[in-house]
Amino acid sequence: TELDRLKDDFLSTVTHELRTPLTSIRSFSEILHDSPDLDLSERQYFLNIIIKESERLTRLINQVLDLTKMETGRMKWQIADVDMSEVIDHSVTSLKGLFQERAVSLDWHRPPSVPVVRADRDHMIQLVINLLSNAQKFCPSETGRVVVQLKAGTSGLLVSVADNGPGIPVHEQEKIFEKFHQVKSGSGNPLGSGLGLAICRNIVEHLG
């Protein structure tokens, strides 16, 4: 009964999350189709929304597939020596536009050198991108600040991502790693799919 309930919750949330961008894509496509004389700047605006919603759709589908593969043990892991400085560099660069869009500052405290770790590079990038993306999402626009640090300790490396957002209430701190669980934003609406941190936890646990 519990498994059936979880499956129903899962399907209900996924279909809701998929319906929102699909509705948006369809309505703006219909406007473009039915209004050939639409002003160029307005046309460009609608096309940008369609592109962003399509990206959101792809991201959600990829997250669901990734999580399913991880949980069923079908994910292919490429374990090798990984330079975490390079991983964070790559992640910071790929999110630069997102941070600039919301005028959130991103400080990356990079040490002169760190030892390599045994991990999967692509999944480590996915992990850092998820954390950075979450951090900026909950930061105030214009005054938001995210700080990434990498430190070498006696038993390994420590990566930390901190922000000046509202923080996570103590009673939510375990729940946020559950599938589809989301902390509401200041506007009262959940942000994102609620899968990012569940994927992060799976990566961390798999790599030990």
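Here, every reference points to the structure presented above.
What you are looking at is a predicted structure, and each value in this text was computed from that prediction instead of being measured.

Peer 1: Help me understand helix α1 (residues 2-34), please; the structure alone is not making it clear to me.
Peer 2: It helps to recall that an α-helix has 3.6 residues per turn; residues three or four apart then point in one direction. Between the first and last C-alpha of α1 there are 48 Å, a value that for 33 residues agrees with the 48 Å anticipated at 1.5 Å per step. Check the buried side of α1 and you find it contacts α2 (40-71).

Peer 1: Would you mind showing me how to read helix α3 (residues 84-94) here?
Peer 2: When we look at burial in α3, the residues that qualify are M84, S85, V87, I88, S91 and V92. Down the axis of α3, the buried set is contained in an arc of 160 degrees. They therefore lie on one face. Two to three positions downstream of the cap, the backbone nitrogen of S85 sits 3.0 Å from a side-chain oxygen, assigning the N-cap of α3 to D83.

Peer 1: Would you explain the packing of helix α5 (residues 121-137) against helix α6 (residues 196-207) in this entry?
Peer 2: Contact geometry for α5 and α6: axes closest at 10 Å, N-to-C directions at 145 degrees. As for the relative orientation of α5 and α6, their crossing is left-handed in sense. Judged by residue contacts, H123, M124, Q126, L127, N130, L131 and N134 of α5 engage G196, L197, I199, C200, I203, V204 and L207 from α6. The class makeup of the residues in the contact of α5 with α6 is nine nonpolar, five polar and no charged.

Peer 1: How do you make sense of the pattern of salt bridges when you look at a structure like this?
Peer 2: Opposite charge on two side chains makes pairing possible when the charged atoms of those side chains draw close. Inspection of every chain in the model, using the stated rule, returns eight salt bridges. Taking the shortest distance from any N to any O, the salt bridge between E101 and K52 comes out at 3.6 Å. Pair noted here: E101 is in helix α4 (residues 96-101) and K52 is in helix α2, with a separation of 49 residues, a long-range link. The salt bridge involving R121 is made with E86; its shortest N-O contact spans 2.8 Å. Residue R121 is found in helix α5, and its partner E86 is found in helix α3; the two are separated by 35 residues along the sequence. A relative accessible area of 32% means that R121 is categorised as partly exposed. Using a relative accessible area of 29% as the deciding quantity, one classes E86 as partly exposed. Here the salt bridges do not stand alone but share partners, grouping E86, R121 and D122 into one network.

Peer 1: I would appreciate a short explanation of the packing of α3 against α5 in the present structure.
Peer 2: For any two helices packed against each other, one specifies the inter-axial angle together with the distance between the axes. Direction vectors running N to C along α3 and α5 enclose 50 degrees, while the axes themselves pass 9 Å from each other. Relative to α5, the element α3 lies oblique. In this structure, α3 meets α5 at a crossing whose hand is right-handed. Where α3 approaches α5, its residues M84, E86, V87, I88, H90, S91, V92 and S94 are matched on the opposing element by R121, M124, I125, V128, I129 and L132. Looking at the contact of α3 with α5, its residues break down into nine nonpolar, three polar and two charged.

Peer 1: Whenever I open this one, unusual backbone geometry confuses me. Can you help?
Peer 2: One non-glycine residue, A103, lies in the positive phi region at around 55 degrees. Structurally, the position occupied by A103 is in the loop between α4 and β2 (105-109). At E142, a residue that is not glycine, the phi angle is positive and equals roughly 75 degrees. Mapped onto the fold, E142 is located in the loop between α5 and β4 (145-152). A relative accessible area of 61% places E142 in the exposed class.

Peer 1: How should I be thinking about the nonpolar core in this particular structure?
Peer 2: Nonpolar side chains tend toward joint burial in soluble globular proteins. Counting 36 residues, the largest nonpolar core has M84, V87, I88, L132 and V146 as the members making the most contacts within it. Elements with a contribution of two residues or more to this core: α2, α3, α5, β4 and α6. With six residues, α5 is the single largest residue contributor to this core. Those residues in contact with I88 that lie beyond four places of it in its chain are W108, V128, V148, L150 and V159. Counting residues in hydrophobic clusters, the runner-up holds eight residues, among them I25, F46, I49 and I50.

Peer 1: Even after reading the chapter, I still don't get the sheet that holds strand β5 (residues 157-163), so can you show me in this structure?
Peer 2: Sheet strands line up and pair through hydrogen bonds in the backbone, either parallel or antiparallel. The strand order across the open sheet formed by three strands is β2-β4-β5, and the pairing between neighbours is mixed. Two strands close off the open sheet at either side, each with one partner strand: β2 and β5. Neighbour-to-neighbour, the strand axes of this sheet turn through a mean angle of 10 degrees, independent of strand direction. Across five bridges, the pairing between β2 and β4 is parallel. Opposite W108, over in β4, you have V148 as the bridge partner. Sitting on the sheet, α3 touches β2, β4 and β5, and the angle it makes with β2 is about 170 degrees.

Rules and cut-offs
Residues numbered from 1 in each chain as written. Predicted model: local features only at pLDDT ≥ 70, side-chain atom pairs only at ≥ 80, totals over all residues. Heavy atoms only, no water. Helix = DSSP H or I, 4+ residues; strand = E, 2+ residues; numbered from the N terminus. Expected span 1.5 Å × (residues − 1). Contact = heavy atoms within 4.5 Å. Buried < 20%, exposed > 50% of the residue type's maximum accessible area, 1.4 Å probe, protein only. Arc of directions from axis to C-beta. Polar contact = N/O pair within 3.5 Å; in protein donor to acceptor, adjacent residues only side chain to side chain. Axes fitted to C-alpha atoms, helices over the stretch in contact; angles between N-to-C directions. Left-handed = near helix turned anticlockwise from the far one by under 90°. Nonpolar A, V, L, I, M, F, W, Y, C, P; charged D, E, K, R; others polar. Salt bridge = Lys/Arg side-chain N within 4 Å of Asp/Glu carboxyl O. Parallel < 35°, antiparallel > 145°, perpendicular 65-115°, else oblique. Core = buried A, V, L, I, M, F, W, Y, C linked by side-chain atoms within 4.5 Å. Pairing = 2+ DSSP bridges.

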